[in-house]
Structures are given as structure tokens and as C-alpha cells.
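# Architecture at a glance
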2 protein chains.
Amino acid sequence: MPKVSEDHLAARRSQILDGARRCFAEYGYDGATVRRLEEITGLSRGAIFHHFKDKDGLFLALAQADNKRMADVAATQGLVQVMRDMLASPERFDWLGTRLEITRRLRTDPEFAKAWTQHSAELTEATVGRLERQREAGRLRDDLPTEVVLKYLDLVLDGLIARLASGHAEKELGQVLDLVEESVRRRD
Amino acid sequence: MPKVSEDHLAARRSQILDGARRCFAEYGYDGATVRRLEEITGLSRGAIFHHFKDKDGLFLALAQADNKRMADVAATQGLVQVMRDMLASPERFDWLGTRLEITRRLRTDPEFAKAWTQHSAELTEATVGRLERQREAGRLRDDLPTEVVLKYLDLVLDGLIARLASGHAEKELGQVLDLVEESVRRRD
């Protein structure tokens, strides 16, 4: 019965990813050692790395899962709503600080940077699609190229990730996101 | 002649900071070991840690020097100009990725977070001062509290640091900063 086996594999994969997320959140990228990953998942290194090539593989799989979820929201409600969701439940994004720890590698490790870019493409596409639809509906400013609006929202998202990761998600940030949203909206 | 001695101390301090900046930029926070700091500065660990308490002390001194320089620009030309300067010479800000690597510590290490906040107070004060003067001169939107504008600019700065640290300072970012500037300016 291959179906059962596939369910089992998916459940095991999910168990490993949940543990890895907690491990990265608590110890950071370098601190998430194989021993700690074993403890937190309750699985042997053999079992863990049967499913994921290495720690980078685990990290990229988590980033991909996040990006998928964010892309679903971005496609229908826009990237600012993704940010509002982050602000509403910062504890779900504890592990995002790990994204900052690997920033230097994006600059110095071309292979890793390529994998990372592939994993974030889905979110970018969803955001661009939504921006184009908003533009057609006359809700987006028409004096700015979509590319500039996209980079602007991406920049704010990066800033928000840094803010959440440092534990400084102050109450004003809701108003800041209102300002961001309004600054790309068409004015009548 | 105490004057000579003071000059010598200041020069030595500056030599250590320059080396530490390069060391952090190349190897990251964890990778900037005492051995590497010795190699890159050409000084012994005894000489280095005569001037700075420990690696955190070196890191915070660099952040303080950056904040001082940024505060000087922010006070007269605003925080967006600080960002334009960063965009114009990204290579001067290679080491900023280290700021991201320590983000998790801001959340988990209250003493370090306190020292960090003290060091960034000067930049915040300079930015607030400039915003208040712009407001009085009628150049700032009057429908937003200064606190919200400040948090907005801070968020964009954090995003820009992440972008520069990852080596992805794309050409659109100049236009993005135009948009940021315009979104807080008073409209007639």
C-alpha cells in the first residue's frame, strides 16, 4: 500500500521540519547542531538526513514552506497583508532571525544564493501578479513601475523580519504598514 | 608629553577598529576569532583587549562609530540621505551584515540589547530632531505622528542593511528611496 507509505513519509518530513524550525529559532543557524536536531526531533541523524541532504537542505525547505504560505496570502491579499499577519503573531516567526544569520552567505556562497533565490521566486511571482491586478483595477499608483513598488515592499518586508527577529515589533508598526500601503495606492 | 601619548592611543584604537571592521566583514561575527583579529590588525590579543574589553566591545565600538557618522548626516540631511549614502558606496558597509548576525542576541541577551540601544540613541535623536524641524518648516506630512515616521524610516533602513549585506543592492533602490522620501513629505 504505497499510499500509507507516502503519508508516513510526509508526516515524518513534517515532524523533522517542525523540530528544525524550533531548533533554529532557539539556537540560531550555527547553534542548531546535528545533536540538537536529534534531541528536538527525537530522531537519529540517519533518519533526519534520509529526508534532507544536510542542514542547508533543512533550512531551505523551511524557507520554501514559509514562502509558499506567504505567496498564498500575497496572491490574494497582497504583500502588506503578509506583513500584517507577521505582526499579529510574531511568535510564529521566531525562526526568521535565522534568515538574517545567513545573509552573509548570500553574498559569499553563489550556490547557496542560487538555491535561496529559487525558493523565494514563488513569493515574488505572487506579489507581482497581485500588483499587476491592482494596477489594472486602478488601485495602484500609475506613476511608478511595478518593479519599483515590488522592491519597495520587499525592502519593508526585510526590515520587518529584522525587527521581529530582534524582538522589537513595536505597536507603531501597524500604523507604519498603513503608511506603506497608502504610499503605493492610487490617489484620487 | 601626554598629548603624544593620547594621539598614539587614538591611532592604535583606530588601527584596531579598522582591522576589526574588515575581519567582521570577511568572516562574520562568530568567524572573527581572536586569532584572525590578531592577524588582520598585526597586534597581539593583549594589545587589542587592552583597548577593548572583548569582541562585543569591539563590535559595539564599531556600531557606535557608524551611528555617530550616520547621526551627523541624519541631523542635517535626514535619514533618507544616510540611506542614499549607503547605496552609493555599498563596499563601505560590508561589515553591516554582522549587525544582522547579532539580531537574535538582541532578543535573548538583555545586557547586550541595552548596550546596543544606548549606542543607537544618538542616531535616533538626530533623526527625530531633523523630523521635528522639517515639520515646523511645513515640509513633513502633518497627519502622522513623528514616532510613526521615525519607525517607518527605521524599518526601511533595516531593510536596506539586509539588502546591502546580501549583496543585492539593485539599481531600483534609488527610486525606492525617492518613494520613501515622497511618502512622508507634505503634499500641496
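As recorded by an unreviewed UniProt entry, chain A carries the name Helix-turn-helix domain-containing protein and is attributed to Rhodococcus chondri.

## Observations concerning the interface of chain B and chain A
Opposite the 43 residues of chain B that make contact, chain A presents 43 residues. Of all residues in chain B, the largest losses of buried area upon contact with chain A belong to B:R104, B:R107 and B:L155, amounting jointly to 17% of the total for that side. Our enumeration of links across chain B and chain A arrives at six salt bridges. A salt bridge links B:R187 to A:E182, with the shortest nitrogen-to-oxygen separation between them at 3.8 Å. Sorting the residues of the side of chain B that touches chain A by element identifies α1 (2-31), α6 (97-101), α7 (103-108), α9 (146-165) and α10 (173-184) of chain B as the ones contributing at least two each. In terms of residues, the side of chain B that touches chain A owes the most to one element, α9(B), which gives 14 residues. Residue classes in the side of chain B that touches chain A are distributed as 20 nonpolar, seven polar and 16 charged.

## A few points about the relation of the copies chain B and chain A
For the pair chain B and chain A, the relating rotation is 180 degrees, the translation along its axis is 0.0 Å, and the fit reaches an RMSD of 0.0 Å. Interpreted geometrically, this transformation is the action of a two-fold axis. No C-alpha of chain B approaches the rotation axis more nearly than that of B:G159, which lies at 1.9 Å. A shared binding surface is used by both copies, with 100% of the interface residues of chain B retained as interface residues in chain A.

## Some remarks on the pattern of salt bridges
Here the structure, examined in full by the defined rule, presents 26 salt bridges over all chains. Residue A:E181 is joined to A:R84 by a salt bridge in which the shortest nitrogen-to-oxygen separation is 2.8 Å. In this pair, A:E181 is assigned in helix α10 (residues 173-184) and A:R84 in helix α5 (residues 79-88), connecting sequence segments 97 residues apart. By relative accessible area, A:E181 is classed as partly exposed at 27%. Note that B:R105 is salt-bridged to B:D109, the shortest N-O span being 3.0 Å. Within the structure, one salt-bridge network assembled from shared partners comprises A:R141, A:D143, A:R187 and B:E182.

The rules behind these values
- Starting afresh in each chain, residues are numbered from 1 along the sequence in its written order.
- Going through the entries in the order they are written, you letter the chains from A and number the ligands from 1.
- Restriction of local features to residues with pLDDT of at least 70 applies here, the model being predicted, together with a cutoff of 80 or more for giving and counting side-chain atom pairs; totals for whole chains, interfaces and linings are based on all residues.
- As a convention, hydrogens and water are excluded, and side-chain values are obtained from all of the structure's heavy atoms.
- It only takes one pair of heavy atoms within 4.5 Å for two residues to be counted as in contact.
- When two components associate, each loses some accessible surface as probed by a 1.4 Å sphere; the sum of these losses over both components is called the buried area.
- Counted as salt bridges are all cases of a side-chain nitrogen of Lys or Arg within 4 Å of a carboxyl oxygen of Asp or Glu.
- Think of it this way: any DSSP run of H or I at least four residues long counts as a helix, any run of E at least two long counts as a strand, and we number them from the N terminus.
- Gly is put with the polar residues, along with every residue not named as nonpolar or charged; the nonpolar set is Ala, Val, Leu, Ile, Met, Phe, Trp, Tyr, Cys and Pro, and the charged set is Asp, Glu, Lys and Arg.
- Residues reaching a pLDDT of at least 70 in both copies supply the C-alpha atoms on which the copies are superposed by least squares.
- Each residue gets one of three labels from its accessible area relative to the maximum for its type: buried under 20%, exposed over 50%, partly exposed in between, using a 1.4 Å probe on protein chains only.

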